[in-house]
Amino acid sequence: MVLIIGSWQYRPEFIKTAKISYNANETNTEQIGKLIYTDYFLPFQLSGIVLLVAMIGAILLTFRRRDNVKRQDILKQSSREREDSIVLVDVESNKGVKVND
């Protein structure tokens, strides 16, 4: 960033938008694609590498093992049976429910 900002120089004469030439048969997407992959190819690829490294770093930070955190066991969840998760209790009428059982 310092290199890009530091190398930028103020231009006293800016190009007027009426003097910019473009091909009317091309869409904006095609023109931006040609500009990115011709004039700005290296900065575009470098920014992609920076974003890739940031994404990998974020993934690695979330996958580190911590002892006090509950984790899901997907194999255990998907292989459970109905008998393991549902318990039918036959409650007697007019007896109430024991809360601290």
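As the structure is a computational prediction, the values presented were derived from the model and not from experiment.

Side note on the overall build of the protein
Then step 1. Per the secondary structure count, the protein includes five helices and zero strands.
Then step 2. For the protein, with 101 residues in total, the buried portion stands at 0%.
Then step 3. Entry remark: accessible area of the protein is about 11,200 Å², with carbon and sulfur atoms responsible for 59%.

Some details on a nonpolar patch on the surface
Then step 1. Together, Leu52, Met55, Ile56, Ile59, Leu60 and Phe63 make up a nonpolar patch on the protein surface, roughly 620 Å² of accessible area in all.
Then step 2. Along the chain, Leu60 turns up in helix H3 (residues 41-62).

Thoughts on the packing of helix H2 (residues 28-38) against H3
Then step 1. Interaxial distance between H2 and H3 falls to 5 Å at its minimum, and their mutual angle equals 90°. Put simply, H2 runs roughly perpendicular to H3. For the pair formed by H2 and H3, the contact residues are Ile36, Tyr37 and Thr38 on the first element and Phe41, Phe44 and Gln45 on the second.
Then step 2. Tallied by class, residues from the contact of H2 with H3 come to four nonpolar, two polar and no charged.

Description of the packing of aromatic side chains
Then step 1. This structure, assessed with the given rule, holds two aromatic pairs.
Then step 2. Measuring from ring centre to ring centre gives 6.3 Å for Tyr37 and Phe41, while their planes differ by 45°; the resulting arrangement is tilted.
Then step 3. Overall, the relative accessible area of 42% leaves Phe41 in the partly exposed class.
Then step 4. Ring plane angle 80° and centroid distance 5.4 Å describe the contact between Tyr37 and Phe44, whose orientation is recorded as edge-to-face.
Then step 5. When its relative accessible area of 51% is taken as the criterion, Tyr37 is described as exposed.
Then step 6. Exposure remark for Phe44: the relative accessible area of 34% places this residue in the partly exposed category.

As for the confidence of the model for the protein
Then step 1. Taken as a whole, the protein shows an average pLDDT of 79; of its residues, 78% reach a score of 70 or greater.
Then step 2. Confidence, read as mean pLDDT per element, is least for helix H1 (residues 2-7) in the protein (58) and greatest for H3 (93).

Let's talk about the pattern of salt bridges
Then step 1. Under the counting rule described, the total for this entry stands at one salt bridge.
Then step 2. Between Lys34 and Glu26 there is a salt bridge, with the nearest N and O atoms lying 2.3 Å from each other.

Calculation rules
Residues numbered from 1 in each chain as written. Predicted model: local features only at pLDDT ≥ 70, side-chain atom pairs only at ≥ 80, totals over all residues. Heavy atoms only, no water. Helix = DSSP H or I, 4+ residues; strand = E, 2+ residues; numbered from the N terminus. Buried < 20%, exposed > 50% of the residue type's maximum accessible area, 1.4 Å probe, protein only. Areas by Shrake-Rupley, 256 points an atom, 1.4 Å probe, with all protein chains shown as cover. Patch = residues over 30% accessible without salt bridge, like charges linked within 9 Å, V, L, I, M, F, W, Y side chains within 5 Å. Salt bridge = Lys/Arg side-chain N within 4 Å of Asp/Glu carboxyl O. Axes fitted to C-alpha atoms, helices over the stretch in contact; angles between N-to-C directions. Parallel < 35°, antiparallel > 145°, perpendicular 65-115°, else oblique. Contact = heavy atoms within 4.5 Å. Nonpolar A, V, L, I, M, F, W, Y, C, P; charged D, E, K, R; others polar. Phe/Tyr/Trp six-rings, centres within 6.5 Å; stacked < 30°, edge-to-face > 60°. pLDDT = per-residue confidence, 0-100.

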